[in-house]
Amino acid sequence: MTGHLNGGTPKGTDNVASLAEARRRAAERAKADKREARDAKRGGSMSVRDWIIGVAFVAMALGMIWHWLAPMMGATGVTR
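Quick look at the structure, then. (Residues numbered from 1 in each chain as written. Predicted model: local features only at pLDDT ≥ 70, side-chain atom pairs only at ≥ 80, totals over all residues. Heavy atoms only, no water.)

### A word on the overall build of the chain
Stage number 1. Looking only at helices and strands, the chain has two helices and zero strands in total.
Stage number 2. In the chain, which comprises 80 residues, the share counted as buried stands at 2%.
Stage number 3. Only carbon and sulfur atoms are counted for the fraction: they give 63% of the accessible area of the chain, which is about 7500 Å². (Helix = DSSP H or I, 4+ residues; strand = E, 2+ residues; numbered from the N terminus. Buried < 20%, exposed > 50% of the residue type's maximum accessible area, 1.4 Å probe, protein only. Areas by Shrake-Rupley, 256 points an atom, 1.4 Å probe, with all protein chains shown as cover.)

Put into structure tokens, the structure is as follows:
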């Protein structure tokens, strides 16, 4: 309770100069809390393994689309 008298600052107090600054800080805090909740919900941020698997799925999907569309474009050579 008397921590602020000994050179510390009371918990939860910010020396805010203006209402706009207080709103900005509150928005930053809310954004950080939302990000932490989202990361906790899905088990943390995306790992390298997640990115590699995602890239593999996208590459397979693009390859399948090319396989379907190539005959209509008159593909020649290796792709035929």
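### Focus on the pattern of salt bridges
Stage number 1. This model, assessed by the stated rule, comprises three salt bridges.
Stage number 2. Salt-bridge contacts for Arg25 lead to Glu21; the nearest nitrogen and oxygen are separated by 3.2 Å. Of the two residues, Arg25 and Glu21 both sit in helix H1 (residues 19–41), four residues apart, roughly one turn of that helix.
Stage number 3. On the basis of relative accessible area, Glu21 is assigned to the partly exposed category, the value being 23%.
Stage number 4. With a shortest N-O distance of 2.5 Å, Arg24 and Glu28 are connected by a salt bridge. Placement of both Arg24 and Glu28 in helix H1 is noted, with a separation of four residues, approximately one turn of the helix.
Stage number 5. By relative accessible area, Arg24 is classed as partly exposed at 39%.
Stage number 6. Judged by its relative accessible area of 45%, Glu28 falls in the partly exposed class.
Stage number 7. Residues participating in the shared-partner salt-bridge network are Glu21, Arg24, Arg25 and Glu28. (Salt bridge = Lys/Arg side-chain N within 4 Å of Asp/Glu carboxyl O.)

### Brief notes about H1
Structural remark: α-helix, 3.6 residues per turn; residues separated by three or four positions point the same way.
Stage number 1. Taking 1.5 Å of rise per residue, the 23 residues of H1 would be expected to cover 33 Å, and the 33 Å separating its terminal C-alpha atoms lies within 8% of that figure.
Stage number 2. Two residues or fewer after H1 comes Gly43, characterised by a positive phi angle close to 85°. (Expected span 1.5 Å × (residues − 1).)

### Re a nonpolar patch on the surface
Stage number 1. A grouping of Val58, Leu62, Met64, Ile65, Trp66, Trp68, Leu69, Met72 and Met73 is seen on the molecular surface, where their side chains present a nonpolar patch of about 980 Å² in accessible area.
Stage number 2. With respect to the helices, strands and loops of the structure, Met73 is situated in the segment after helix H2 (48–69).
Stage number 3. Here Met73 falls in the exposed class, since its relative accessible area comes to 52%. (Patch = residues over 30% accessible without salt bridge, like charges linked within 9 Å, V, L, I, M, F, W, Y side chains within 5 Å.)

### Regarding the environment of Arg35
Stage number 1. Along the chain, Arg35 turns up in helix H1.
Stage number 2. In this structure Arg35 comes out as partly exposed when scored by relative accessible area, which is 41%.
Stage number 3. Along the backbone, Arg35 and Ser45 are ten residues apart, and their C-alpha atoms lie at a distance of 9.7 Å.

### Here we look at a positive patch on the surface
Stage number 1. A cluster of basic residues, Lys31, Lys34, Arg35 and Arg38, forms a positive patch at the surface.
Stage number 2. Inspection of the secondary structure puts Lys34 in helix H1. (Lys, Arg positive; Asp, Glu negative; His and termini not counted. Charge placed at Lys NZ, Arg CZ, Asp CG, Glu CD.)

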